[in-house]
Amino acid sequence: MDSSLGFLLTVIWGLARFGIPVLVTVLIVSILSRIDSRWKQEALDTRREESRVGVIPLMKCWVFKDCPPEKRSQCPAYKDSYLPCWQVFRDKNDLLREDCLNCPVFRNAPIPIHKSS
(Lines give C-alpha, C1' and ligand atoms only; values in the text may rest on other atoms or scores of the structure.)
Protein backbone atom coordinates (compact mmCIF):
# COMPACT_ATOMS: atom_id res chain seq x y z
CA MET A 1 0.00 0.00 0.00
CA ASP A 2 2.84 2.39 0.85
CA SER A 3 4.62 1.81 -2.46
CA SER A 4 1.48 2.58 -4.51
CA LEU A 5 0.88 5.73 -2.45
CA GLY A 6 4.51 6.74 -2.96
CA PHE A 7 4.18 6.13 -6.71
CA LEU A 8 0.96 8.17 -6.82
CA LEU A 9 2.59 11.04 -4.94
CA THR A 10 5.59 10.91 -7.30
CA VAL A 11 3.31 11.11 -10.33
CA ILE A 12 1.35 14.01 -8.82
CA TRP A 13 4.59 15.79 -7.91
CA GLY A 14 5.90 15.27 -11.46
CA LEU A 15 2.74 16.69 -12.97
CA ALA A 16 2.81 19.66 -10.63
CA ARG A 17 6.53 20.27 -11.14
CA PHE A 18 6.66 19.86 -14.94
CA GLY A 19 3.13 19.65 -16.31
CA ILE A 20 1.76 22.88 -14.88
CA PRO A 21 4.61 25.11 -16.15
CA VAL A 22 4.37 23.51 -19.59
CA LEU A 23 0.61 24.02 -19.61
CA VAL A 24 0.97 27.66 -18.56
CA THR A 25 3.61 28.23 -21.24
CA VAL A 26 1.41 26.69 -23.94
CA LEU A 27 -1.51 28.84 -22.79
CA ILE A 28 0.58 32.02 -22.89
CA VAL A 29 1.94 31.20 -26.36
CA SER A 30 -1.60 30.53 -27.58
CA ILE A 31 -2.87 33.84 -26.24
CA LEU A 32 0.06 35.79 -27.69
CA SER A 33 -0.36 34.05 -31.04
CA ARG A 34 -4.01 35.06 -31.19
CA ILE A 35 -3.14 38.65 -30.28
CA ASP A 36 -0.43 38.70 -32.95
CA SER A 37 -2.85 37.36 -35.57
CA ARG A 38 -5.43 39.96 -34.63
CA TRP A 39 -2.85 42.77 -34.84
CA LYS A 40 -1.62 41.55 -38.22
CA GLN A 41 -5.19 41.48 -39.51
CA GLU A 42 -5.86 44.98 -38.17
CA ALA A 43 -2.69 46.26 -39.84
CA LEU A 44 -3.70 44.61 -43.10
CA ASP A 45 -7.20 46.08 -42.89
CA THR A 46 -5.75 49.52 -42.14
CA ARG A 47 -3.35 49.23 -45.06
CA ARG A 48 -6.19 48.20 -47.38
CA GLU A 49 -8.34 51.12 -46.23
CA GLU A 50 -5.50 53.63 -46.57
CA SER A 51 -4.68 52.26 -49.99
CA ARG A 52 -8.32 52.54 -51.06
CA VAL A 53 -8.67 56.19 -50.06
CA GLY A 54 -5.33 57.10 -51.56
CA VAL A 55 -3.44 57.91 -48.38
CA ILE A 56 -0.44 55.88 -49.52
CA PRO A 57 0.34 56.49 -53.16
CA LEU A 58 2.54 53.62 -54.29
CA MET A 59 4.14 52.92 -57.61
CA LYS A 60 2.98 49.51 -58.73
CA CYS A 61 5.89 47.25 -59.62
CA TRP A 62 4.13 45.75 -62.65
CA VAL A 63 3.72 49.26 -64.06
CA PHE A 64 7.36 50.14 -63.34
CA LYS A 65 8.65 46.88 -64.83
CA ASP A 66 6.11 47.05 -67.69
CA CYS A 67 4.97 43.45 -67.17
CA PRO A 68 2.74 41.95 -69.87
CA PRO A 69 -0.85 41.10 -68.87
CA GLU A 70 -0.24 37.32 -68.85
CA LYS A 71 2.64 37.75 -66.40
CA ARG A 72 0.56 40.13 -64.26
CA SER A 73 -2.25 37.62 -63.92
CA GLN A 74 0.17 35.11 -62.35
CA CYS A 75 1.83 37.66 -60.04
CA PRO A 76 0.87 37.60 -56.33
CA ALA A 77 1.63 41.34 -56.01
CA TYR A 78 -0.84 42.10 -58.80
CA LYS A 79 -3.51 39.94 -57.14
CA ASP A 80 -2.96 41.68 -53.77
CA SER A 81 -2.57 45.15 -55.23
CA TYR A 82 -3.63 46.85 -52.00
CA LEU A 83 -0.27 45.80 -50.48
CA PRO A 84 3.15 47.03 -51.57
CA CYS A 85 4.86 44.37 -53.68
CA TRP A 86 7.72 43.95 -51.20
CA GLN A 87 5.20 42.98 -48.52
CA VAL A 88 3.77 40.27 -50.77
CA PHE A 89 7.17 38.80 -51.66
CA ARG A 90 8.56 38.34 -48.14
CA ASP A 91 10.58 35.17 -47.59
CA LYS A 92 9.56 32.21 -45.43
CA ASN A 93 10.94 33.95 -42.30
CA ASP A 94 8.80 37.03 -43.06
CA LEU A 95 11.90 39.05 -44.00
CA LEU A 96 12.22 41.34 -46.99
CA ARG A 97 13.99 39.78 -49.94
CA GLU A 98 17.39 41.15 -50.90
CA ASP A 99 16.26 42.04 -54.43
CA CYS A 100 13.34 44.05 -52.99
CA LEU A 101 15.71 46.15 -50.90
CA ASN A 102 17.53 47.26 -54.05
CA CYS A 103 14.41 47.74 -56.19
CA PRO A 104 13.56 51.33 -57.24
CA VAL A 105 9.89 50.74 -56.41
CA PHE A 106 10.82 49.97 -52.79
CA ARG A 107 13.50 52.65 -52.56
CA ASN A 108 11.21 55.40 -53.90
CA ALA A 109 8.18 54.46 -51.80
CA PRO A 110 7.03 57.08 -49.31
CA ILE A 111 8.07 56.49 -45.73
CA PRO A 112 4.99 55.65 -43.66
CA ILE A 113 4.27 58.21 -40.97
CA HIS A 114 2.34 57.19 -37.89
CA LYS A 115 -0.43 59.63 -37.12
CA SER A 116 -1.12 60.00 -33.42
CA SER A 117 -4.77 60.31 -32.54
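Rules and cut-offs
Residues numbered from 1 in each chain as written. Predicted model: local features only at pLDDT ≥ 70, side-chain atom pairs only at ≥ 80, totals over all residues. Heavy atoms only, no water. Phe/Tyr/Trp six-rings, centres within 6.5 Å; stacked < 30°, edge-to-face > 60°. Helix = DSSP H or I, 4+ residues; strand = E, 2+ residues; numbered from the N terminus. Patch = residues over 30% accessible without salt bridge, like charges linked within 9 Å, V, L, I, M, F, W, Y side chains within 5 Å. Areas by Shrake-Rupley, 256 points an atom, 1.4 Å probe, with all protein chains shown as cover. Salt bridge = Lys/Arg side-chain N within 4 Å of Asp/Glu carboxyl O. Disulfide = S-S within 2.5 Å.

Right, let's talk about the packing of aromatic side chains for a bit. Counted under the stated rule, the structure contains three aromatic pairs. Taking the centre distance of 4.9 Å and the plane angle of 85° together, the rings of tryptophan 62 and tyrosine 78 count as edge-to-face. One end of the pair, tryptophan 62, is in helix H2 (residues 61-64); the other, tyrosine 78, is in helix H4 (residues 76-79), with 16 residues separating them in the sequence.

Turning our eyes to something else, we now look at a nonpolar patch on the surface. Judged by side-chain polarity, Leu5, Leu8, Leu9 and Ile12 come together as a nonpolar surface patch covering roughly 380 Å² of accessible area. Residue position: leucine 9 is located in helix H1 (residues 2-53).

Here we come to the state of the cysteines. Per the stated rule, a full pass over the model turns up zero disulfides. Of the cysteine sulfurs around cysteine 67, a residue in no disulfide, the closest is that of cysteine 61, at 6.4 Å. Here cysteine 75 is not disulfide-linked; the sulfur of cysteine 61 is the nearest cysteine sulfur, at 5.3 Å.

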